[in-house]
Amino acid sequence: MSDTIRTKCPYCGSSLLSEEDGYRCRFCKSFFPYDSEQGQEQTKIKSLSQIEQQAVEKKTPEELKAEEEADKAFAKRRGIDELIGILTAFSSAALLLLSKILKMPLLIIPGFVLWAFSAGYTAYRVYVAKKDGRKAAFLRIAVLLVIAILIVATVRLD
C-alpha cells in the first residue's frame, strides 16, 4: 500500500490502525491487507539490479508521418463536408425566402428538399466523425438551417 493509504482510509478518510496482517480503519472498520511486495520491502530492500525498467513506447517517424497525413486528410474532408452543408442550407434559405417574397408556394418544395438534404448529410458526417473519434463541423450549418425554418415561420407578406 502507498503511504497515503497507510495514513488514511480511502473510503471515509479516517486514520488506519496497523494490525499484524494489514490495516484496519478506525471509523468504518474496513480492512486492507498488506501487499506481497510490501511484506518483502519490510524485510529486505531490493538492490538496483533487481529493479525492472519500464518500457516507454515512442512513436516512430513513420507512425507520426502517417498520423499527420490522416489528420490532413480529415481536415480536407471536414472542409468539403462543411462547404456542402453550408451551400445547401444557404440555397434552401434563399429558396424559402423567395417563395415568401414572390408568393410562389412551389419554391417551398425544392427549399425543403435542400433543407432536408443539408440536415441529413450534416448529421451523417457528424456521426461518421464521432465514430472515427474526430470532431465534425456542424454549428454554422445548424444555424443556417434554423434560419431557413425561421424564414418560413416568420415572413408574412400580405
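Preceding this section is the structure that the text describes.
Residues numbered from 1 in each chain as written. Predicted model: local features only at pLDDT ≥ 70, side-chain atom pairs only at ≥ 80, totals over all residues. Heavy atoms only, no water.

**Topic: the packing of helix α3 (residues 61–101) against helix α4 (residues 108–131)**
- It is the contact of α3 with α4, at a shortest axis distance of 8 Å, that shows an interaxial angle of 160°. In terms of orientation, α3 and α4 fall into the roughly antiparallel class. The handedness of the crossing between α3 and α4 comes out as left-handed. Together, Phe74, Arg77, Asp81, Ile84, Gly85, Thr88, Ala89, Ser91, Ser92, Leu95, Leu96 and Ser99 of α3 and Ile108, Pro110, Gly111, Phe112, Leu114, Trp115, Phe117, Ser118, Tyr121, Thr122, Arg125 and Ala129 of α4 make up the contact between the two elements.
- Residues belonging to the contact of α3 with α4 are distributed by class as follows: 13 nonpolar, eight polar and three charged. (Axes fitted to C-alpha atoms, helices over the stretch in contact; angles between N-to-C directions. Helix = DSSP H or I, 4+ residues; strand = E, 2+ residues; numbered from the N terminus. Parallel < 35°, antiparallel > 145°, perpendicular 65-115°, else oblique. Left-handed = near helix turned anticlockwise from the far one by under 90°. Contact = heavy atoms within 4.5 Å. Nonpolar A, V, L, I, M, F, W, Y, C, P; charged D, E, K, R; others polar.)

**So, the nonpolar core**
- Membership of the largest hydrophobic core is limited to five residues, which are Cys9, Leu16, Tyr23, Cys25 and Phe32.
- With residues near it in sequence (within four places) discarded, Cys25 still touches Cys9, Cys12, Ser14, Ser15, Leu16 and Ser30. (Core = buried A, V, L, I, M, F, W, Y, C linked by side-chain atoms within 4.5 Å. Buried < 20%, exposed > 50% of the residue type's maximum accessible area, 1.4 Å probe, protein only.)

**Things to note about the sheet that holds strand β2 (residues 22–25)**
- Strand order in the open sheet made by the three strands is β1-β2-β3, with antiparallel pairing throughout. Edge strands, defined here as strands with exactly one partner in the open sheet, are β1 (16–18) and β3 (31–33). The average undirected angle you get between the axes of adjacent strands in this sheet is 25°.
- Pairing of β1 with β2 involves three bridges; the strand directions are antiparallel. When the sheet's bridge partners are listed, Leu17 is paired in β2 with Arg24. (Pairing = 2+ DSSP bridges.)

**Describing α3**
- Taking 1.5 Å per residue as the helical rise, α3 with its 41 residues ought to reach 60 Å, and the 59 Å between its terminal C-alpha atoms agrees with that figure.
- Those residues of α3 that fall on the buried side of the exposure criterion are Asp81, Glu82, Gly85, Thr88, Ala89, Ser92, Ala93, Leu96 and Ser99.
- Taken together, the buried residues of α3 touch α4 and α5 (139–154).
- Lys103 occupies a position one or two residues after α3 and carries a positive phi of about 55°. (Expected span 1.5 Å × (residues − 1).)

**Some details on the packing of α3 against α5**
- The interhelical angle for the contact between α3 and α5, taken along N-to-C directions, is 10°, at an axis separation of 9 Å. In this view, α3 runs roughly parallel relative to α5, as classed from their interaxial angle. Packed against α3, whose contacting residues are Asp81, Glu82, Gly85, Ile86, Ala89, Phe90, Ser92, Ala93, Leu96, Leu97 and Lys100, the element α5 presents Arg140, Ile141, Leu144, Leu145, Ala148, Ile151 and Val152 at the interface.
- Considered class by class, the residues forming the contact of α3 with α5 number twelve nonpolar, two polar and four charged.

No statement about biological role is implied by the geometric values presented.
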